Amino acid sequence: MSQFANTQTAPTAPREFGFWLDGAYQGGRELFERSSPGHGVPVTLIPKCTVDDLNAAVAAARRTFEDRSWAGISGAERAGVLLRTAQILRDRRDEIAYWEVLENGKPISQARGEIDHCIACFEVAAGAARLLHGDSFNSLGDNLFGMVLREPVGVVGLITPWNFPFLILCERVPFILASGCTMVVKPSEVTSATTLILGEILADAGLPKGAYNVVTGSGRTIGQALTEHPDVDMLSFTGSTSVGRSVVHAAADTNFKKLGLELGGKNPIIVFADADLEDAADGAAFGISFNTGQCCVSSSRLIVDRRVAKEFEEILARKMKKIVVGDPLDESTQVGAITTSQQNETIMSYIAKGNAEGARLVTGGSQMDLGKGTYIEPTLFSDVTKGMSIATDEIFGPVLSSFHFDTTEEAIHLANDTVYGLAASVWSKNIDTALSVTRRVRAGRFWVNCIMAGGPEMPLGGFKQSGWGREAGVYGVEEYTQVKSVHIDTGKRSHWIK
Ligand code: NAD
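Given the structure is predicted, the values throughout are model-derived calculations rather than measurements. (Residues numbered from 1 in each chain as written. Predicted model: local features only at pLDDT ≥ 70, side-chain atom pairs only at ≥ 80, totals over all residues. Heavy atoms only, no water.)

Novice: Can you lay out the site of the ligand for me, pointing to particular residues and giving the numbers?
Specialist: Neighbouring the ligand are 28 residues; Lys186, Glu189, Ser240, Leu263 and Glu394 lie closest to it. The separation between an oxygen atom of the ligand and a polar side-chain atom of Glu262 is 3.5 Å. Leu263 is positioned with one of its backbone polar atoms (N or O) 2.7 Å from a nitrogen atom of the ligand. Protein burial of the ligand: of its 840 Å² of free accessible surface, 88% is covered by the chains. Sorting the residues of the shell around the ligand by element identifies helix H8 (219-228), strand E11 (234-238) and helix H9 (241-253) as the ones contributing at least two each. No other element matches the four residues that H8 contributes to the shell around the ligand. Taken together, the residues of the shell around the ligand sort by class into eleven nonpolar, twelve polar and five charged. Summarising the domain contributions, the shell around the ligand has at least three residues from each of domain 1 (15-263 + 466-484) and domain 2 (268-448). (Near = heavy atom within 4 Å. Polar contact = N/O pair within 3.5 Å; in protein donor to acceptor, adjacent residues only side chain to side chain. Areas by Shrake-Rupley, 256 points an atom, 1.4 Å probe, with all protein chains shown as cover. Helix = DSSP H or I, 4+ residues; strand = E, 2+ residues; numbered from the N terminus. Nonpolar A, V, L, I, M, F, W, Y, C, P; charged D, E, K, R; others polar. Domains from an automatic or database assignment.)

Novice: Can you tell me about the sheet that holds strand E14 (residues 299-305), naming the residues and giving the values?
Specialist: What the seven strands build is an open sheet, ordered E15-E18-E19-E14-E13-E21-E22; its pairing is mixed. Each edge of the sheet is formed by a strand with only one pairing partner; in this case those strands are strand E15 (360-363) and strand E22 (445-448). Within the sheet, the average angular offset between the axes of one strand and its neighbour, ignoring direction, is 25°. Here E15 runs beside strand E18 (residues 379-382); their pairing, made up of three bridges, is antiparallel. Across the sheet, residue Leu361 finds its bridge partner in E18, namely Phe381. Sheet strands in contact with helix H14 (residues 408-416) are strand E13 (267-271), E14 and strand E19 (399-405), and its direction is about 150° off that of E19. (Pairing = 2+ DSSP bridges. Axes fitted to C-alpha atoms, helices over the stretch in contact; angles between N-to-C directions. Contact = heavy atoms within 4.5 Å.)

Novice: Talk me through the environment of Asp406; I want residue IDs and the actual numbers.
Specialist: Here Asp406 is to be found in the loop between E19 and H14. Spatially, the C-alpha atom of Asp406 lies 6.1 Å from that of Asp305, the residues being 101 residues apart in sequence. Reaching out from Asp406, the side chain makes a polar contact with the side chain of Arg306 at a distance of 2.9 Å.

Novice: Provide a residue-level description of the packing of aromatic side chains, including the pertinent values.
Specialist: Counting across every chain of the model gives seven aromatic pairs. A ring pair is formed by Trp20 and Tyr25, whose centres lie 4.9 Å apart and whose planes are at 85°; its orientation type is edge-to-face. Ring centres 5.5 Å apart and planes at 75° place the aromatic pair Trp162 and Phe396 in the edge-to-face group. Here Trp162 is found in the loop between strand E8 (155-159) and helix H5 (165-170), whereas its partner Phe396 is found in the loop between helix H13 (389-392) and E19, with 234 residues between them in sequence. On the basis of relative accessible area, Trp162 is assigned to the buried category, the value being 17%. (Phe/Tyr/Trp six-rings, centres within 6.5 Å; stacked < 30°, edge-to-face > 60°. Buried < 20%, exposed > 50% of the residue type's maximum accessible area, 1.4 Å probe, protein only.)

Novice: Lay out the layout of surface pockets in plain terms, naming residues and giving numbers.
Specialist: In this approach a probe as big as a water molecule rolls over the atoms, and the regions it shows empty are the leftover space. Within this model, the second largest pocket holds a volume of roughly 340 Å³. In this structure, the second largest pocket is lined by 16 residues; those nearest its centre are Asp282, Ala285, Phe286, Ile323 and Gln334. Per-element tally for the lining of the second largest pocket: the top contributor is helix H10 (residues 277-289), with five residues. Looking at side-chain class alone, the lining of the second largest pocket contains six nonpolar, five polar and five charged residues. Both domains that meet at the lining of the second largest pocket, namely domain 1 (15-263 + 466-484) and domain 2 (268-448), each give it at least three residues. (1 Å grid on protein atoms, 1.4 Å probe; cavity = no way out; pocket = protein on both sides within 12 Å on 5 of 7 lines; lining within 4 Å. Points joined across faces, edges and corners; volume = space filled by probe spheres on them.)

Novice: Help me get a handle on empty space enclosed by the protein, residues and values and all.
Specialist: Under the criterion given, the structure shown has two cavities of 30 Å³ or more. Estimated volume of the largest cavity: approximately 70 Å³. Along the wall of the largest cavity there are 15 residues; nearest its centre are Ser298, Ser300, Glu394, Ile395 and Phe396. Residues of the lining of the largest cavity, tallied by class, amount to six nonpolar, six polar and three charged. The wall of the second largest cavity is formed by 14 residues, among which Pro268, Thr418, Tyr420, Gly421 and Arg442 lie closest to the centre. At the level of elements, E13, H14 and strand E20 (420-421) are the ones that each hand at least two residues to the lining of the second largest cavity. Within the lining of the second largest cavity, the residues separate by chemical class into seven nonpolar, five polar and two charged.

Have a look at this one:
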């Protein structure tokens, strides 16, 4: 059994990391300290990389891409590395979960479940690496044969947020590697540890040096420099819509690098009167409280049939009160700490706005004093109306805003009344209702009578201002390829010059 399996306490001293360049840790940089949001003690020391470090990382990724030691090997060989990575992740699951909890504040049981999902990502990507293929055209006449090749885009920059540091990383890295690309990753400054640990694991699994590099530091310096780098062919950015907009400008102002953007959401959960209300309430409580609501696909807008709204909100409030909020290292905890003090302030300011703007607080609404760390009660507001801040803004916390509808048309209109289009959920026992709502609400991920279900086979991504492109599954591998049309003349040329 791993030494981390039964660890119930934060470390007595922070662990010092180097950044990951060309297959090894590099030290000697100024360090910044990260404290555990659940315990308030320092847990990691992370390097403040310089732009020179970033340039070295991009150069390593470029060299490895061009020397064909990764792009030029067979899909089967790439799959071998990805499958060995999955096995090492299995062996180091408890250790990675431990560091994830310490930097992020999520419950240990949830973190372990996320590592299992990450293992599955590597396994699915291994299959996709072997099956990746192009196309052919036998329809161009007897003298012309057409082939469509899929080629890796090249050097990818990957910028990730703090809410699911390892999960979001693993929903991208194996698929990027499956395509034959190499990469430079810039994790969030507050949750860099597990992204660095993945470097060790990939090296042990046999990934060539330089294929995976990690530079740590602030978004404004290192992140911005990565988005502007002229030798990066594609940038995959996951984070806020506002920074996503600056990424688009940076790409346009430099080399028009290809972009993948996974941004914010204000996701509807639509509950019809004929739904199983107990199931739907459990789904709604989970959808807003999971990961303390710091989840791009959190169901943060409840859109409920007016005929059952009062009853439903009562069931939901009862369930939300029973959620176990506490020390993320405690096995029984369901909801952990808010990841940063800044995010804690943001959430509390939205709760204050909800009260001030006239919404009705049904449950929650307070900061919790657990003696250490930052915790907020799962919160439900009813009588929310268009124009209130809690109706429109992505709060990124455990705050659910409830709206009531009279007709299916009104429910669809309310669901679509947002600049975002990331995810949605509908609850009804009527197949016509469930399917017509699914087809008309504009969102990249949809759940019918369930919420946040799925696996790495399924593509992820958003409509509208929630982003561009798709990650995971075969779609995710294809995203990191370019297609090349090849035309082959198989006969005698019909001469132009007579
Ligand atoms: P953020 O946009 O502040 O930061 C995300 C990453 O970008 C971090 O690594 C940060 O250091 C970096 N960054 C910051 N400024 C930058 C700049 N100018 N140039 C380049 N990089 C920069 O987001 P966050 O607070 O870490 O995460 C929360 C946001 O992420 C929410 O809006 C959430 O909805 C979104 N998110 C989306 C998805 C998705 O799949 N759609 C998943 C998770 C989170």
